[in-house]
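A look at the structure
Next come the chains, spelled out residue by residue.
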Amino acid sequence: MAHAQHAAAPAILQEVKPAVVPRAVLVQNNRSFAWITDKICGIIEGKTPTWWWVCFIVACFVASFTVAGITYLVATGVGVWGHRSPVNWGWPIVNFVFWIGIGHAGTLISAILCLLRQKWRTSINRAAEAMTIFAVVCAGIFPVFHVGRVWYAWFLFPLPNSNLIWQNFRSPLEWDVFAVSTYGTVSVLFWYVGLIPDLAVLRDRFYATGNKTRSFLYGLFAMGWRGSNRHWSNYEMAYLILAGIATPLVLSVHTIVSFDFAVSLIPGWHTTIFPPYFVAGAIFSGFGMVLTLMLPLRAIYHLEDLITQYHIDCMCKITLATGTMVGYAYAMEFFIAWYSANPYEGFTFINRAFGPYAWAYWIMITCNVVTPQLFWFKRVRTNTTLVWVLSIFVNVGMWFERFVIICTSLTRDFLPSSWGYFSPTIVDIFTFFGTFGVFSVLFLLFIRFLPIMPMAEIKAVTQQADVHSGSDHH
Amino acid sequence: MSAQPYGLIATFETPAEVYHAAEQVRDAGYKHWDVISPCPIHGLDKAMGLKRSIVPRISLAGGITGFITGMTLIWWTDAFDYPLIVGGKPLFSPMFAFPVSYELTILFTAFATIIGMFVVNGLPMHYHPVLKYDKIRRGMDDQFFIVIEARDPRFNAANTGVLLQKIGGKEITELEP
């Protein structure tokens, strides 16, 4: 058929050459397979660096704040948190949505970019998936303790209990239980499947150097992987399917999180724009966190050949795109508030921008809408220090977004007699501050004991792995 | 040794070498053989003559089970075992049951896929003759191997060795069972 078209085409087409678009090189300096293995395994095999111990001790100290906050809460009651009528959803829900949102970039990188054949994902997907799992751990702390008597948290699941009543499956909060627990489980499974070939590498390397204990432990989880192509064939198919199901999963999780709000009748929450707006915001915040984590790792371990400027450019551009979507959603919310002619809806948005929480609103706008616009400029994207600073702004901005959504709507109930102002207590602050420690402890353990990049996947996208090199057809 | 060896193993240095060698082993008619490589090589399945993986069928079965589990669970708990009217809403509707069933579809698919992949691959298998080969470590790092098993009907220590040599294999070695 191609031949027939060819014959019918005008003669001029014979002279037109397709444009040769150079593809960005994903591993610079044409590094060999052995170099990639040594570089990534070297991080684990080398002596524990001093900075790691310093960071680890600081992170443990910070994490102890969450332990202290939670212990006090369990011993006393949920009243030690700052939320009270009319704001019964305060910081815990803000923090929950904040951490879950961060997790989403990890799944986006590993799943959606895998389906879209964006090969640049390979250098960053392992660390981003680890970030997802640890972020979900931090997120989970808040709703579990928010239920009050945490020892009854298992009532969230449809397990037979002595009250003989079942869960209310009409409630988005119950959907959220399933969404978040499925998300956590699937993220761990996806991460683990990706790790199997790399654990086999570590098993063999530790065996060769005589460290039998570590060889045994890595080998146990490597499941006897031996690089067989008959295995790779099934493995790649399984990985593709996991990517295929993780994509609708990540979109559904934040959609369901937004249903927690959108299904209610509170002005400012009851909007149909919430699901796409929350998903865009989640990816935006997650890429902020990926940049925050990967840029220091790249500098410390000299991974410039693996995380190239091209990778940073791609991440900055996604941050820019999603940040702009979020900005559009903010504008659209205002427009609809006016266009709906609903006085409560209109008041809520005027109150957001100019009421008692105006300071939080403008922090949000500055960090989420203005900051990412700087990524239009190549000079900004090539300045890694500046990119890192801007990524922190994104993290801050996205926390404030959730704070603004939750607190401004709840502090202004329909009747002015039920108006209030939310202030966090010291226990709120301790618990939230500590989750950064929990996250850091887990992430530091990850970079110390597990390969921070998927070696097999990186090897597969190098030029040497292309058996048809020179020709572009497959 | 009197025992029959597991098979013959040959070393290759680059993905392209092992790729073209695999095509020739396939064309020679061998069935019980394998390529060891540190990463998946694009197109090697075809060069080996492998059929499409059956993992997707297991995944599909898992997904269907998950969806049915979700719908049944919600109907059974809220509309059958303890019917309780909440907010004047129906006891069961596929609409409100959908989000949870959707999540369970994904959860069950994930487990089915991974368990299916392990079962089809015969993993975990912590002992394997190939792993006993002292140079196999490079197969996780930067070298490539072709293993032809002795149980293949066409296997013959001399002829198979010649074939491996002809297609460019180095360090042809017998593997202990």
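Residues numbered from 1 in each chain as written. Chains lettered and ligands numbered in written order. Predicted model: local features only at pLDDT ≥ 70, side-chain atom pairs only at ≥ 80, totals over all residues. Heavy atoms only, no water.

A word on the overall build of chain A
Of regular secondary structure, chain A possesses 17 helices and zero strands. Its C-alpha radius of gyration of 25 Å places chain A within 12% of the 23 Å reference for a compact globule of 474 residues. The principal-axis extents of the C-alpha atoms in chain A amount to approximately 75 × 70 × 50 Å. Among the 474 residues that make up chain A, the fraction classed as buried is 58%. Taking the contacts inside chain A whose residues are at least 6 apart along the sequence as the reference set, 81% of them involve residues at least 24 apart. Of the roughly 20,100 Å² that chain A leaves accessible, carbon and sulfur atoms contribute 70%. (Helix = DSSP H or I, 4+ residues; strand = E, 2+ residues; numbered from the N terminus. Rg over C-alpha atoms; globule rule 2.2 N^0.38 Å. Buried < 20%, exposed > 50% of the residue type's maximum accessible area, 1.4 Å probe, protein only. Contact = heavy atoms within 4.5 Å. Areas by Shrake-Rupley, 256 points an atom, 1.4 Å probe, with all protein chains shown as cover.)

Describing the nonpolar core
One finds Trp99, Phe403, Phe443 and Phe446 of chain A together with Ile146 of chain B to be the most contacted residues of the largest nonpolar core, which totals 186 residues. With 18 residues, helix α7 (residues 172-208) of chain A is the single largest residue contributor to this core. Formed jointly, this core draws a minimum of three residues from each of two domains, domain 1 (7-52 + 126-175) and domain 2 (55-121) of chain B. (Core = buried A, V, L, I, M, F, W, Y, C linked by side-chain atoms within 4.5 Å. Domains from an automatic or database assignment.)

What about the domain arrangement of chain B?
Considered domain by domain, chain B is made up of domain 1 (7-52 + 126-175) and domain 2 (55-121). The distance between the C-alpha centroids of domain 1 of chain B and domain 2 of chain B comes to 43 Å.

With respect to the pairing of strand β1 (residues 7-12) of chain B
Residue and element names in this part refer to chain B. In terms of residue burial, β1 counts as a mostly covered element, since six of its six residues are buried. Burial of the side chains of β1 extends over both faces: Gly7, Ile9 and Thr11 are buried on one face and Leu8, Ala10 and Phe12 on the other. For β1 and strand β3 (residues 144-149), the ladder comprises six bridges, and the chain directions are antiparallel. Opposite Leu8, over in β3, you have Ile148 as the bridge partner. (Pairing = 2+ DSSP bridges.)

What to know about the interface of chain A and chain B
Chain A puts 60 residues into the contact, and the matching count from chain B is 65 residues. In total, chain A and chain B occlude about 5,800 Å² of area from one another, counting both sides; carbon and sulfur atoms represent 68% of this. Its largest share of buried area at the contact with chain B, chain A owes to Arg170, Arg226 and Arg230 of chain A, together 15% of the area lost on that side. Counting across the chain A and chain B interface gives one salt bridge. We note a salt bridge from Asp78 of chain B to Arg170 of chain A, for which the minimum N-O separation is 3.6 Å. There are 23 residue pairs in polar contact (both at pLDDT 80 or more) connecting chain A and chain B. (Buried area = accessible area lost by both parts, 1.4 Å probe. Salt bridge = Lys/Arg side-chain N within 4 Å of Asp/Glu carboxyl O. Polar contact = N/O pair within 3.5 Å; in protein donor to acceptor, adjacent residues only side chain to side chain.)

Digging into unusual backbone geometry
The omega torsion of the bond from Ser85 of chain A to Pro86 of chain A falls at 5 degrees, within 30 degrees of zero and hence cis. Checked against the element boundaries, Pro86 of chain A lands in the loop between α4 (50-76) and α5 (91-115). Backbone torsion omega between Leu123 of chain B and Pro124 of chain B reads -5 degrees, so that peptide bond is classified as cis. Within the secondary structure, Pro124 of chain B is located in the loop between α4 (94-121) and α5 (129-132). A positive phi angle, near 60 degrees, is found at Met223 of chain A, a position not held by glycine. Its place among the elements puts Met223 of chain A in the loop between α8 (212-222) and α9 (229-262). Residue classification places Met223 of chain A among the buried positions, given a relative accessible area of 19%. The phi dihedral of Ala341 of chain A is positive, around 60 degrees, even though this residue is not glycine. Mapping Ala341 of chain A onto the fold places it in the loop between α11 (309-339) and α12 (343-354). Residue classification places Ala341 of chain A among the exposed positions, given a relative accessible area of 64%.

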